[in-house]
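# Examination of the molecular architecture
These are the residues of each chain, in order.
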Amino acid sequence: MTTAGERVTAEIIGGKLLAIADEMGIVLARSSMSPVIYEVLDFACGICDPNGELIAQSNGITLFTGMFSGQVRFIRRKFGAAIYAGDIFITNDPYEGGTHTADVCIVKPVFADGALVAFAVAVAHWSEIGGKVVGSLSPDSVEIYEEGVRLSGLKLYDRSVCNQAVMDILEANIRMPRLSLGDLNAELAAVRIADERLVEMCARYGRTTLAATFRHIVEASEAISRKAVAAMPDGVYRAEDVIDGDGVHDERIPVCVAVTIAGERMRFDFTGCAAQRAAPINCSRWSLVSAVRTVFKAFAGPHQPSNEGWFRPIEVVVPDGTVFSAVKPAAVGWYFESSCHASELAWKALAPLAPERFSAGSYVSLCGTYIAGRRAGTGEPFVHLEPQHGGWGAGRQRDGASALIALTDGDTYNYSSELIEAKVPLRVHSYGLNVADGSGAGRQRGGYGIVRDYEMLADEGIIYASYGRSIEKPWGVAGGRQGTTNYIELTQRGVHRRVTRTPSTPLHRGDRIRIATGGGGGWGSPLERAPEEVVRDVWNGYVTPAQARDDYAVVVGRNLELDANATAALRAAHGR
């Protein structure tokens, strides 16, 4: 872009591209059948250039940020020159740019004046795609073949003609075809509206101008990203962590990263992580790449729209066959658990370098929970799938966020209690902050997790889930204390038990399911926290007077007022 007029035009087109991506998201959400899509917003939409580079993307699942380019390039490699106007592709192959089988990607090439100008992409989580259990993602699967139908880059429409065989295969292998095929139609509507808008844009501005704008968007973001990396001190920064089992075996899984900063380049090396498991905790290489991109974007430009340029300064290194780079036929259904840990590793390594951007450790796990069964009377199957919110770590200058979704899930929402009770046979008895289990104490304390208490109203059903951070607690920074852990408490016939990574477990009418997520880690010594802030937490019900004394050396009187003299004496006894 050389002239002022060209730069202004590029800015206008760039804004329109973001508007198209947002419109795709609105169309998808309003047209979908599954609450996890239209309520939680478990999807993402965007536009790639003819080479598959990401140009514009809607908000939604953060982890999908790094997926679009991998999936579009897979389609390009597979079909080569046999990509035509009117084609629409479908893929959910985790080993070819995807995540797990339930995240179904629709790719539509966009042609203007006979030339390929872009790709429109929509990815959404289907509530059902076949497999071992209803909901498709059993926590004890050992191979991907147990996780539903794998669609490894197929033409769903060939020059505008539907491939009915693919539709028939889907309908025959999905337990709730009306639901899932309805979500497919919503994705088709999203990519078709993008096609229309991009063709209109070409008609107004021309294909050459659109292509030049694509380059401008990517190159401008790359320049900002490189400056952000160059401003950081060169060196190697390491982090280690442990994944709390894999859902099939109990042994804990060591993982690590070495982040090397050299000039304008940043290298994330996951060499040394544990080998892939015969369990669904693995993630594929592209999931790892996207997990790293998520953290890097939070560092380099958290408020700017995503595109491929932001990620050009980084390199992700990992040998094949690790828990972060699983190869066929590894199960990857719960990929978001391992990719969450990959993000947390990168986050932990970079936190000391950018304390204004990064926090202490969080509850990290999406705590995905599936409750399924059949409705009384009709026998119609239902499945309620729910990512859980939790407590984030404290920052250097602020307390951690409470009841916020995990890092990799981005702008997704929680379910309202009213919607849950209207859509599935569950009663919500309570929903609130998990102050009972607490969070990491510190100069800035960690945020709090949540508690949801369900009662099963169907005669019979199942629950399965996979909760990480059930043993290893969220880490603190600079003397801040660790956070708390995640778990489910089941009450069946008066018997209470805690579970974390649980395979399909029978439920009966009246059973209670109490979901509890952990609090984040603290930042700085608890003895440095202002006594007035501790008293305010006592007033708000976050901290008890006993916790104020034990964790913060702050004495609170009977009327919940600060006892300044007693506090000063107690802190002096602790060396403050």
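Residues numbered from 1 in each chain as written. Predicted model: local features only at pLDDT ≥ 70, side-chain atom pairs only at ≥ 80, totals over all residues. Heavy atoms only, no water.

This part is about the packing of aromatic side chains. Counted according to the given criterion, the structure contains eleven aromatic pairs. Arranged with centres 5.9 Å apart and planes meeting at 80 degrees, the rings of Trp 347 and Trp 392 form a pair that is edge-to-face. Of this pair, Trp 347 sits in helix 8 (residues 335-350) while Trp 392 sits in the loop between strand 13 (381-386) and helix 9 (417-423), placing them 45 residues apart in sequence. Overall, the relative accessible area of 15% leaves Trp 392 in the buried class. An aromatic cluster is built from Trp 334, Tyr 335, Phe 336, Tyr 370 and Tyr 464, whose rings are joined through pairwise contacts. For the cation-ring pair, Arg 192 lies above Tyr 157, with the distance from its terminal atom to the ring centre recorded as 5.0 Å. (Phe/Tyr/Trp six-rings, centres within 6.5 Å; stacked < 30°, edge-to-face > 60°. Helix = DSSP H or I, 4+ residues; strand = E, 2+ residues; numbered from the N terminus. Buried < 20%, exposed > 50% of the residue type's maximum accessible area, 1.4 Å probe, protein only. Lys NZ or Arg CZ within 6 Å of the ring centre and 35° of its normal.)

Opposite charge on two side chains permits them to pair, given that their charged atoms come into close proximity. Overall, the coordinates contain 40 salt bridges when judged by the stated rule. In this structure, Arg 285 engages Asp 320 in a salt bridge whose closest nitrogen and oxygen atoms are separated by 2.6 Å. Of this pair, Arg 285 sits in helix 7 (residues 285-300) while Asp 320 sits in the loop between strand 11 (314-317) and helix 8; the two residues are 35 residues apart in sequence, bridging distant segments of the chain. Take Asp 320: its relative accessible area is 58%, and that puts it in the exposed class. In this structure, the salt-bridge partner of Glu 308 is Arg 293, at a minimum N-O distance of 3.0 Å. Taken together, the residues Glu 308 in the loop between helix 7 and strand 11 and Arg 293 in helix 7 connect sequence positions 15 residues apart. (Salt bridge = Lys/Arg side-chain N within 4 Å of Asp/Glu carboxyl O.)

Our next topic: the packing of helix 4 (residues 164-173) against helix 5 (residues 177-205). Put simply, helix 4 and helix 5 touch, their axes get as near as 9 Å, and they point 140 degrees apart. As summarised for this structure, helix 4 and helix 5 are arranged oblique, according to the angle between their axes. The interaxial crossing formed by helix 4 with helix 5 has right-handed handedness. Two secondary-structure elements touch here, helix 4 through Met 167, Leu 170 and Glu 171 and helix 5 through Pro 177, Leu 181 and Leu 184. (Axes fitted to C-alpha atoms, helices over the stretch in contact; angles between N-to-C directions. Parallel < 35°, antiparallel > 145°, perpendicular 65-115°, else oblique. Left-handed = near helix turned anticlockwise from the far one by under 90°. Contact = heavy atoms within 4.5 Å.)

With that settled, consider the side chain of Arg 277. In this fold, Arg 277 is placed in the loop between strand 10 (265-269) and helix 7. If we ignore the near neighbours within four places in the chain, the residues touching Arg 277 are Asp 246, His 249, Glu 251, Ile 253, Asn 282 and Val 323.

This structure, assessed with the given rule, holds zero disulfides. In this structure Cys 48 is a free cysteine whose sulfur lies 8.7 Å from that of Cys 105, the closest cysteine sulfur available. (Disulfide = S-S within 2.5 Å.)

A separate point is the nonpolar core. Ranked by internal contacts, the top residues of the largest apolar core, which has 162 residues, are Leu 17, Leu 184, Met 266, Phe 268, Phe 270, Phe 299 and Phe 324. Ranked by residues supplied to this core, first place goes to helix 5 with twelve residues. Each of domain 1 (4-222) and domain 2 (359-529) gives at least three residues to this core. Contact partners of Phe 324, with chain neighbours within four places excluded, come to Ile 243, Val 255, Phe 270, Cys 273, Cys 283, Ser 284, Arg 285, Leu 288, Ser 338, His 341, Ala 342 and Leu 345. Counting ten residues, the second-largest nonpolar core is a separate cluster that includes Tyr 448, Val 534, Val 538 and Tyr 552. (Core = buried A, V, L, I, M, F, W, Y, C linked by side-chain atoms within 4.5 Å. Domains from an automatic or database assignment.)

In this section: the domain arrangement of the protein. Here the domain parsing of the protein yields domain 1 (4-222), domain 2 (359-529) and domain 3 (530-575). Look at where the C-alpha atoms of domain 1 and domain 3 centre, and you get two points 54 Å apart.

Moving on: the pairing of strand 11. Here strand 10 pairs with strand 11 via four bridges, running parallel. When the sheet's bridge partners are listed, Phe 268 is paired in strand 11 with Val 316. (Pairing = 2+ DSSP bridges.)

Under the counting rule described, the total for this entry stands at two cavities of 30 Å³ or more. Lining the largest cavity we find 18 residues, and of these Asp 42, His 125, Phe 336, Leu 366 and Pro 387 sit closest to its centre. At the level of secondary structure, the elements contributing two or more residues to the lining of the largest cavity comprise helix 8, strand 12 (368-374) and strand 13. Broken down by class, the residue content of the lining of the largest cavity amounts to ten nonpolar, four polar and four charged. Structurally, the lining of the largest cavity is a two-domain feature, drawing no fewer than three residues from each of domain 1 (4-222) and domain 2 (359-529). Its volume calculated, the second largest cavity comes out at about 30 Å³. (1 Å grid on protein atoms, 1.4 Å probe; cavity = no way out; pocket = protein on both sides within 12 Å on 5 of 7 lines; lining within 4 Å. Points joined across faces, edges and corners; volume = space filled by probe spheres on them. Nonpolar A, V, L, I, M, F, W, Y, C, P; charged D, E, K, R; others polar.)

Let us now look at helix 10 (residues 531-539). Restricting attention to buried positions, one finds in helix 10 the residues Pro 531, Val 534, Val 535, Asp 537 and Val 538. Axial view of helix 10: buried residues confined to an arc of 155 degrees, hence all on one face. Turned more than 90 degrees away from the buried face of helix 10 sit Glu 532 and Trp 539, all of them exposed. Here the buried face of helix 10 lies against helix 11 (545-552) and helix 12 (564-573). Phi turns positive, to about 85 degrees, at Gly 541, one or two residues after helix 10. (Arc of directions from axis to C-beta.)

Relative orientation and spacing of two packed helices are given, respectively, by the angle between their axes and the distance between those axes. It is at 9 Å that the axes of helix 7 and helix 8 come closest, and there the two elements cross at 40 degrees. Viewed along their axes, helix 7 and helix 8 form a crossing whose handedness is right-handed. Between helix 7 and helix 8, the residues in contact are Ser 287, Leu 288, Ala 291, Val 295 and Ala 298 and Tyr 335, Ser 339, Ala 342, Ser 343, Ala 346, Trp 347 and Leu 350, respectively. Considering only residue class, the contact of helix 7 with helix 8 consists of nine nonpolar, three polar and no charged.

Another aspect to go through is unusual backbone geometry. When glycine is set aside, most residues are seen to have a negative phi, and most peptide bonds are trans. Between Lys 328 and Pro 329 the backbone carries a cis peptide bond, its omega angle lying at 5 degrees. Mapped onto the elements, Pro 329 comes out in the loop between strand 11 and helix 8. Of note, the phi angle at Ser 160 is positive, near 75 degrees, even though the residue is not glycine. Within the secondary structure, Ser 160 sits in the loop between strand 6 (154-158) and strand 7 (161-162). If you check the backbone angles, Leu 560 has positive phi at about 65 degrees while not being a glycine. Within the secondary structure, Leu 560 is located in the loop between helix 11 and helix 12. Given the relative accessible area of 25%, Leu 560 is considered partly exposed.

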